[in-house]
Amino acid sequence: MKILVTVKEVAEVEDEFEISGLDIDESYLEYDLNEWDDYAVEEAVQYSEENDDVEVVTVTIGPERSEETIRMALAKGADRAIRVWDDSLEGVDFLSTEATSEMLAAVAEEEDPDIVFSGVQSDDDANGATGVMLANKLDMEWAAVVNTLDLDLDEGVAGVHRELEGGIEELTDVRTPAVLTIQSGINEPRYASLRGIRQAQQKPLDVQSLDDLGLDTGSLDSPLERTSMYEPESEGDATIWEGSPEDTAGELADFLRDKGVVEG
Amino acid sequence: MTDVLAIAEHRRGELRDVSFELITAGRELASEVGGDLHLGVISGDVDAFADDLNRDGVDAIHTVDDGEEFNHDVYAQAIPQLFEEAGADILVTPNSVNGLDYAPAVADDLDLPLVTDSVALDGGDVTEVTREQYGGKVETTYDVDSESFAVTVRPAEWPQAEGDGDAEVTAVDVDIDEDAIRSEVTGFEEVGGGDVDISEADVLVSIGRGIEEEENLVLVEELADALGATLSSSRPIVDNGWLPKNRQVGQSGKVVTPDVYIAIGISGAVQHVAGMKGADTIVAINTDPSAPIYDLADYGIVDDLFDIVPELIEEFGGEAPNL
Ligand SMILES: Cc1cc2nc3c(=O)[nH]c(=O)nc-3n(C[C@H](O)[C@H](O)[C@H](O)COP(=O)(O)OP(=O)(O)OC[C@H]3O[C@@H](n4cnc5c(N)ncnc54)[C@H](O)[C@@H]3O)c2cc1C
Ligand SMILES: Nc1ncnc2c1ncn2[C@@H]1O[C@H](COP(=O)(O)O)[C@@H](O)[C@H]1O
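Read on for an overview of the structure. Just so we're clear, the structure is a prediction, and the values are computed from it rather than from any experiment.

Turning to the site of ligand 1, a few remarks are in order. Surrounding ligand 1, one finds 29 residues, the nearest of these being Ser234, Ser252, Ser267, Gln271 and Asn286 of chain B. Residues within reach of ligand 1 are spread across chains A and B. One nitrogen or oxygen atom from the main chain of Arg209 of chain B is found 2.8 Å from an oxygen atom belonging to ligand 1. Side-chain polar atom of Asn286 of chain B to an oxygen atom of ligand 1: 2.8 Å apart, as the coordinates give it. Protein chains bury 87% of the 990 Å² of accessible surface belonging to ligand 1 in isolation. Its residues placed into classes, the shell around ligand 1 shows eight nonpolar, 16 polar and five charged.

For the rest of this paragraph, the subject is the interface of chain B and chain A. The interface is formed by 88 residues belonging to chain B together with 85 residues belonging to chain A. Buried surface at the junction of chain B and chain A, summed over both partners, amounts to about 7,300 Å²; 52% is from carbon and sulfur atoms. On the surface where chain B and chain A come into contact, there are eleven salt bridges. The class makeup of the residues in the side of chain B that touches chain A is 33 nonpolar, 23 polar and 32 charged. Two elements, strand E15 (residues 239-240) of chain A and strand E17 (residues 299-301) of chain B, share two bridges in a ladder whose sense is parallel.

Under the defined criterion, the tally for this structure stands at seven aromatic pairs over all chains. A centroid spacing of 4.9 Å and a plane angle of 70 degrees characterise the contact between Phe94 of chain A and Tyr142 of chain B, whose relative ring orientation is edge-to-face. Note that Phe94 of chain A is positioned in the loop between strand E7 (80-84) and helix H3 (97-111) and Tyr142 of chain B in strand E9 (residues 138-144), a pairing that runs across two chains. On the numbers, 4.9 Å between centres and 10 degrees between planes, the contact of Trp241 of chain A with Tyr299 of chain B is stacked. With Trp241 of chain A in the loop between E15 and helix H6 (245-258) and Tyr299 of chain B in strand E17, this pair bridges two chains. The class of Trp241 of chain A is buried, set by a relative accessible area of 10%. In this structure an aromatic cluster arises from ring pairing among Trp241 and Phe255 of chain A together with Tyr299 of chain B.

Right, let's talk about the packing of H6 of chain A against helix H8 (residues 305-315) of chain B for a bit. Look at H6 of chain A against H8 of chain B: their axes get within 9 Å of each other, and the N-to-C directions meet at 50 degrees. It follows that H6 of chain A is oblique to H8 of chain B by the angle criterion. Crossing angle aside, the handedness with which H6 of chain A passes H8 of chain B is right-handed. Contacts between H6 of chain A and H8 of chain B pair Pro245, Glu246, Thr248, Ala249, Gly250, Leu252, Ala253 and Arg257 of chain A from the former with Asp307, Ile308, Glu311, Leu312 and Glu315 of chain B from the latter. Its residues assigned to classes, the contact of H6 of chain A with H8 of chain B shows six nonpolar, two polar and five charged.

On to the environment of Glu110 of chain A, then. Residue and element names in this part refer to chain A. By the secondary structure assignment, Glu110 is in helix H3. Residue classification places Glu110 among the exposed positions, given a relative accessible area of 62%. Residues Glu110 and Leu213, 103 residues apart in the sequence, show an inter-C-alpha distance of 8.3 Å.

Residues and elements named next belong to chain A. Taken together, the side chains of Met72, Leu194 and Ile197 define a hydrophobic patch exposed on the protein surface, amounting to about 280 Å² of accessible area. Residue placement: Leu194 occurs in helix H5 (residues 194-200). Residue Leu194 is classed as exposed on the basis of its relative accessible area of 68%.

Next up on the list: the sheet that holds strand E8 (residues 127-133) of chain B. The sheet built from ten strands is open, its strands ordered E14(A)-E9(B)-E8(B)-E7(B)-E10(B)-E6(B)-E1(B)-E4(B)-E5(B)-E11(B) with mixed pairing. Strand pairing shows two members of the sheet lacking a second neighbour, strand E14 (224-230) of chain A together with strand E11 (168-171) of chain B, which therefore form its edges. Pairs of neighbouring strands in the sheet enclose a mean axial angle of 35 degrees, with direction left out of account. Two strands pair when backbone bridges link them, and E14 of chain A and E9 of chain B are joined in this way by six bridges, in the antiparallel orientation. Its bridge partner being in E9 of chain B, Met229 of chain A is matched across the sheet by Thr140 of chain B. Of the strands in this sheet, strand E1 (4-7), strand E4 (37-42), strand E5 (60-64) and strand E6 (90-94) of chain B are in contact with helix H3 (residues 72-86) of chain B, which crosses E4 of chain B at around 150 degrees.

What counts, and where the lines are drawn
Residues numbered from 1 in each chain as written. Chains lettered and ligands numbered in written order. Predicted model: local features only at pLDDT ≥ 70, side-chain atom pairs only at ≥ 80, totals over all residues. Heavy atoms only, no water. Near = heavy atom within 4 Å. Polar contact = N/O pair within 3.5 Å; in protein donor to acceptor, adjacent residues only side chain to side chain. Areas by Shrake-Rupley, 256 points an atom, 1.4 Å probe, with all protein chains shown as cover. Nonpolar A, V, L, I, M, F, W, Y, C, P; charged D, E, K, R; others polar. Contact = heavy atoms within 4.5 Å. Buried area = accessible area lost by both parts, 1.4 Å probe. Salt bridge = Lys/Arg side-chain N within 4 Å of Asp/Glu carboxyl O. Pairing = 2+ DSSP bridges. Helix = DSSP H or I, 4+ residues; strand = E, 2+ residues; numbered from the N terminus. Phe/Tyr/Trp six-rings, centres within 6.5 Å; stacked < 30°, edge-to-face > 60°. Buried < 20%, exposed > 50% of the residue type's maximum accessible area, 1.4 Å probe, protein only. Axes fitted to C-alpha atoms, helices over the stretch in contact; angles between N-to-C directions. Parallel < 35°, antiparallel > 145°, perpendicular 65-115°, else oblique. Left-handed = near helix turned anticlockwise from the far one by under 90°. Patch = residues over 30% accessible without salt bridge, like charges linked within 9 Å, V, L, I, M, F, W, Y side chains within 5 Å.

Structure below.
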C-alpha cells in the first residue's frame, strides 16, 4: 500500500514587511512546512505504523530551498520524497491551482498511490482548492476538510468526518482510491527526533523536471495574471493605546471599568 | 451575452445565508459583463428553495431534484449540465466548506480557470478578482483574461439580496451516473457541546497562538478570573488540545456576540473573524501592528502579551502567575 502526501513549503511574513513588485520582498519571508500538510504527514505516518507494508511518499513543487522543509517530513517518518522543479518555474509570480494540480497529478499517475492526503489549504496562498482539483484530474474520489479519519485501505473505504461550518460534522464513507484534504487538529503532529533527522538525510529525495513528468511549460499557462499586491487600507479606526505596559494596561483597565463590564 | 450561473447552498433543510449573498455578487457581476443571472438549486426541497431564492435581480432558476442533502458527486455531475443548459460562461459558488468540495472539480471538468475566496469582483472584458493572501496581511488582484471562468466568493462579504424576483423556475432533468457516486453521506454530528457556552458570555478573554505554550495558559485564566470573564480561544489552541472544542470561536467553532471581546495573541484570520465580528467592542493585544485583527478592533495595544497581561491582572487585584 502506498500513501502519497502533497506537502508545500509556505512563506510566513514577518511583522514588518515591504512589498516589492507583485510579492512580498524575500527578505521578510521565513519558510516552513504548511501547517495543514504537517497534519497530513502525521496521519499517513500513523497509518503506516499501524499497518504492515505501507509506504509514505511526499511530493512537493518547490525550489531547491524547500528541500530543508521536505526533509522535515522525512524526519517525521515519511519514506521518500519527490520534488518537482524546473528552470521554467523560476521567477513565476504564482502558480495557478490548475498548474499545481496538473504537476501533482503527473507525479501521482507515476506513483499510483492507494490514497492521497493533501492539506485543506496552504497558509500563504489559501486557495483551498488543490486537493479536490487533483482528485478530479486523477479521476479519484475525494473529501474536503477531513478532521476524523477511519481508513481501511484493504477494504477500500475511508470513513471520514468533514468539518462543516458552525460545529457540524458530516459523516461520509468515501471509496478509495481518493484524495482527502486534511484539516488541522485531526491528530497531534510529532516533533522530529534527532534520530529521525539523521535518518532523513539518507532517505531518497528525487527531483523531477516537467520534462521527466511528460509535461511542457505550455500546460502550465493560465489566463490568470496577478496584477497587484498591496496592504489593505485598514477599515477599522482602532484607538491604539501607547506607552509602557503599565500605561497601556492601565488604559485598558480604565476602559473596562468605565464600560461597567467589570468591577474593581 | 456573458451569463452567470450561481449555485445555492443549503444544509439540513435550510438555505444558508451565503446563497442570498451569491445573488448580490452574481447580479453585480452579470450586469458588469452584460448578461443574465441564473441560479442553480440542487437537492433538498428545491421548489421551496427556488421560491425563497426568487429575489430581485435573478433572471432564471434551474432546479435539480435529486436527494436530500449535499453530495459532491451529484453536484459535480449536475453543475456542468446546468452550466450548459443556462448557456453560462461564469460559475459563482460559495467559498464554503461544501463549495470548496465541488468547485475545483467542476472548474476542472469545464476547463474554467478558478479563483477562490474572492472578496471583490470587478467584471469586464477582463474581470478583476481581489483576494487576500499571507493570512490576510495583503490583498492581491488577479486579471482573468478569459470570458469564461469560475470564482468562489467569501461568505459575509456581499449583502443578501432582497425584494421579490420574477425569475422563471425550470426543473432540469440531469443525467446522474450512479457509478460515479463514490461517497455516501451517512449522517451529521454536532460537536463542541458541554457545560460552558461561550456564546452566552458578556465578556470574553480570548487567546491565540501568541500564548506559545500550554503552561502559559494560566496567565489568561488568571486574567479571565480577575475580570469575571469567560475564556475562549482561536482554533490552534483547541487543535493542540489545550482547551476543549466548546471554547473555540470562529467558522468551525462558536459565533459569539459579547459586549467586550479581548483578543490576545490572535491574528484575526477570516475563519476566526467569522465567529466574533459581531462583538460590541473588540480589544486586541498583539505585537504585530499589521495583524488583520486591528482592522476590526476598536482598541488595541501593540505590545507583548507577556508584559501586558500580568499588568492587567494586577490592575484588577489578581496575582500574576510566575511562568
Ligand atoms: C476550514 C477552516 C476552518 C477554520 N476554522 C477556524 C475557527 O473556527 N476558528 C479559528 O480561530 N480559526 C479557524 N481556522 C484557522 C484559521 O485559518 C487560522 O489558522 C487561525 O485562526 C489562527 O489562529 P491564531 O490567530 O491564534 O494564530 P496565528 O495566526 O498564528 O496568530 C498568532 C498571533 O499572535 C501574535 N503574537 C505572537 N506572539 C505574541 C506575543 N508575545 N504577544 C502578543 N501577540 C503575539 C502574532 O503577531 C500573531 O498575530 C480555520 C481554518 C480553516 C481552513
Ligand atoms: N506547491 C505545492 N507543492 C505540493 N503541494 C501543494 C503545493 N501547493 C499546494 N499543495 C497542496 O495543496 C494543499 C492546498 O493548497 P491550496 O489549494 O494552495 O490552498 C496544500 O495543503 C498542499 O497539500
